[in-house]
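If you want the building blocks of each chain, they are given just below.
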Amino acid sequence: MGVMRLGHVRLRVLDLEAALDHYTGVLGLLPVHRDPDGTAYLKGWDEWDFYSVILVEADEAGIDSFAFKVESEADLDRYREASLGHGVAVAECEAGEVPFCGRALAVTLPSGHLMHLYAEKRFHGKATGNLNPDPWPDGLKGAGGHWLDHVMIMCELDPARGINKVAENVAYFRDVLGFGLGEQVVAGPDGDVQAAAWMFCTTTPHDIAFGAGPRAGLHHVSFFLDDWSDVLRTADILAKRKVKVDVTPQRHGITRGSTTYFFDPSGNRNETFAGLGYLTQKDMPTITWTEENLWRGIFYHSGDVVGDFLGVYT
Amino acid sequence: MSGHSIVLAGVEHVFACSDEQNVLSALSAVHHRAIRSGCHGGGCGVCKVKVHEGQWRRGCMSRAHVSAEEEAEGIVLACRIWPESDLVIEAWGKLPARLARRAGLLPCEADT
Ligand code: FES
């Protein structure tokens, strides 16, 4: 019982056709549906639910909402009560309000982000099927992303005013949703400011991450690839297609992922990463990074301070 | 393809920018520190400039960072404008790089 995985993200894009071309041609997601207003739904080939990315045209970039899939309707009831008990606003959504999903909860997180929890979504199936499957399907484009893996959101932090939405989100995900805290960054003169956190409901180091910034927003959405050579190949695709690259292939100390970062045509940051890191379980001790070692945690090889990696976001 | 010159206030170097190149890419080719380079998609808002002279074409840019009123005054995102003449521009707003000072994580109090 409980939260199973990140189900989808709903991204705001400035030009829908440019975004669709990017998410299909660069990331290799498969388009599954368009609403009459153009809103596009896509999935990774290795995912079985109907969609994991919604692209909606808007006059601002960023993340509109994201959603986690829970095991059962009973979980929704449980999380509804527990959220209210925790002082977090929850609204009920009828089946279909979250597209192609059953009844859902709309949770306004302490950081201000909108998150849905749902137990059912229309089934689609993996591109390789369920019966005697091949390891990968033919005809994949771009990076051929397997699945939407995690999302990192930016949360307001201003210790001088006593605001730490990272820590508040961590408490909610831990105490109400039962997530584990895989890794964290502690900062500030006394090392007591929780300035970033990586949390999991699966057995990988993160399904959601919280970073600190002056305002709430989206840091990145990340798609899973098999291995390092796929990350390098993605970087080749980025160069070929003149996509704005943010971080060339390298390794994170935090989560141990092999990674490359880039921007979609509206400026939303994407990541393709490989490697499942390490096994996480609820009893795993949290890994802590101190402020002086933060950049080694982010860019393991160089340890370079790249303020824009944290300061540029939608 | 025709070339235009971009003058960035407070910077001696004159930048060359073709009409097929967005203004930010012309400036960031030499990694000029007077202007920040971010997402190059009109979404993050770090490359905000005010155009004092010249004509340009615009692409989509996020209203979270440039209001319609600002745009009417020539305040735009450098990554989403293409020159149609020589331009004189100025970096606009505080450089949020300062927000990421120190460990690059905690917002700097002096800036808020
Ligand atoms: S660099 Fe992000 S809006 Fe221009």
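As annotated in an unreviewed UniProt entry, chain B carries the name Ferredoxin and comes from Novosphingobium nitrogenifigens DSM 19370.

As recorded in an unreviewed UniProt entry, chain A goes by Catechol 2,3-dioxygenase and comes from Novosphingobium nitrogenifigens DSM 19370.

Once that is clear, we can look at the side chain of histidine 219 of chain A. All names here are of chain A. Tracing the sequence through the fold places histidine 219 in strand E14 (residues 217-225). Separated by 2.9 Å, the side chains of histidine 219 and histidine 220 make a polar contact. A distance of 2.6 Å separates a polar atom in the side chain of histidine 219 from the backbone oxygen of phenylalanine 309. With sequence-adjacent residues up to four places away left out, histidine 219 is seen in contact with Met152, Ile153, Met154, Arg269, Phe309, Leu310 and Tyr313.

Moving on to helix H2 (residues 73-85) of chain A. Residue and element names in this part refer to chain A. The end-to-end C-alpha separation of H2 is 19 Å, in line with the 18 Å expected for 13 residues at 1.5 Å each. All of the buried residues in H2 are Asp75, Leu76, Tyr79 and Ser83. Looking straight down H2, one finds its buried side chains confined to an arc of 100 degrees; they lie on one side. Looking one or two residues past H2, glycine 87 carries a phi angle of roughly 85 degrees, positive in sign.

A separate point is the interface of chain A and chain B. With 32 residues of chain A in contact, the opposing surface of chain B contributes 25 residues. If you look at where chain A meets chain B, you find one salt bridge. Notably, a salt bridge pairs aspartate 308 of chain A with arginine 36 of chain B, separated by 2.2 Å at the nearest N-O pair. At the boundary of chain A with chain B, the tally comes to three residue pairs in polar contact (both at pLDDT 80 or more). Of all elements in the fold, only strand E11 (180-187), strand E12 (193-200), strand E13 (208-213), helix H5 (294-298) and helix H6 (307-311) of chain A reach the threshold of two or more residues within the side of chain A that touches chain B. In terms of residue count, H6 of chain A provides more of the side of chain A that touches chain B than any other element does, four residues in total. Per-class residue counts for the side of chain A that touches chain B are 18 nonpolar, seven polar and seven charged.

Bringing the environment of glycine 44 of chain A into the picture now. All names here are of chain A. Considering the arrangement of structural elements, one finds glycine 44 in the loop between strand E3 (40-43) and strand E4 (53-57). Looking at glycine 44, the relative accessible area reads 0%, which means it is buried. Between the C-alpha atom of glycine 44 and that of glycine 144, which follows or precedes it by 100 residues, the distance is 7.6 Å. Non-local contacts of glycine 44, meaning those with residues more than four positions away in its chain, are made with Leu29, Ser52, Gly145 and His146.

Now for the domain arrangement of chain A. One frequently used descriptor of interface size is the decrease in accessible area upon assembly of the parts. All names here are of chain A. Assigned domains within chain A: domain 1 (3-118) and domain 2 (148-311). On a C-alpha basis, the centroid separation for the pair domain 1 and domain 2 is 20 Å. Taken together, the contact pairs 41 residues of domain 1 with 38 residues of domain 2. Across the domain 1/domain 2 interface, buried area totals approximately 2,900 Å², and carbon plus sulfur atoms make up 70% of it. Looking only at domain 1, the three residues that lose the most surface to domain 2 are Leu6, Val26 and Pro110, adding up to 18% of its buried area.

Ranked by size, the top nonpolar core spans 74 residues in total, and within it Leu55, Phe68 and Phe173 of chain A carry the most contacts. Residue-level mapping places this core at the junction of two domains, with at least three residues from each of domain 1 (3-118) and domain 2 (148-311) of chain A. Membership of the second largest hydrophobic core comes to 22 residues, among which are Phe15, Cys17, Met61 and Cys79 of chain B.

It is worth spelling out the UniProt feature "domain: VOC" (unreviewed entry) in chain A at this point. All names here are of chain A. Taking the UniProt record as the reference, the feature "domain: VOC" (unreviewed entry) is found at residues 5-120 and 147-275. Helix makes up 20% of residues 5-120 and strand 40%, with an end-to-end C-alpha separation of 12 Å. Annotated as 19% helix and 49% strand, the span residues 147-275 places its first and last C-alpha atoms 13 Å apart.

According to the stated counting rule, one finds 23 salt bridges over all chains in the structure shown. Taken together, the shared-partner salt bridges in this structure form one network comprising Glu73, Asp77, Arg80, Glu81, Glu92 and Arg103 of chain A.

Residue and element names in this part refer to chain B. Averaged over all residues, the pLDDT of chain B equals 83, while 79% of them reach at least 70. The low-confidence segment residues 96-112, where pLDDT is below 50, has 40 contacts with residues more than four positions distant or belonging to other chains. The ipTM for the predicted assembly is 0.89, set against a pTM of 0.93.

Thresholds, definitions, all that
- Position labels on residues start from 1 in each chain and follow its written sequence.
- Key to labels: chains lettered from A, ligands numbered from 1, both in the order written.
- Whole-chain, interface and lining totals are the exception, using all residues; otherwise, since this is a predicted model, local features are given only for residues with pLDDT of at least 70 and side-chain atom pairs are given and counted only at 80 or more.
- Here the side-chain values reflect all heavy atoms present in the structure, with hydrogen atoms and water set aside.
- Each helix is a run of DSSP H or I of at least 4 residues and each strand a run of E of at least 2, with the numbering of both proceeding from the N terminus.
- By the criterion applied in these results, polar contacts are pairs of N or O atoms within 3.5 Å in which, for protein atoms, one can donate a hydrogen and the other can accept it, and in which residues neighboring in sequence qualify only through two side-chain atoms.
- By the convention used here, residues are in contact when the closest approach between their heavy atoms is within 4.5 Å.
- The span one expects for a helix is its residue count, reduced by one, times 1.5 Å.
- The classification of residues rests on relative accessible area computed with a 1.4 Å probe and restricted to protein chains. Under 20% of the type maximum is buried, over 50% is exposed, and intermediate values are partly exposed.
- Summarising the geometry, the arc corresponds to the directions from the helix axis toward the C-beta atoms.
- In the sections that follow, a salt bridge refers to a side-chain nitrogen of Lys or Arg positioned within 4 Å of a carboxyl oxygen of Asp or Glu.
- Throughout this entry, Asp, Glu, Lys and Arg are counted as charged residues, while Ala, Val, Leu, Ile, Met, Phe, Trp, Tyr, Cys and Pro are counted as nonpolar. The remaining residues, Gly among them, count as polar.
- The source of the domain bounds is an automatic or database domain assignment.
- Two parts placed together each lose some accessible area; with a 1.4 Å probe, that loss summed over both constitutes the buried area.
- Among buried residues, the Ala, Val, Leu, Ile, Met, Phe, Trp, Tyr and Cys ones that are joined through side-chain atoms within 4.5 Å form a nonpolar core.
- UniProt positions are given in the numbering used here, feature names are shortened, and annotations may be inferred rather than shown by experiment.
- What pLDDT reports is the predictor's confidence in each residue, on a scale of 0 through 100.

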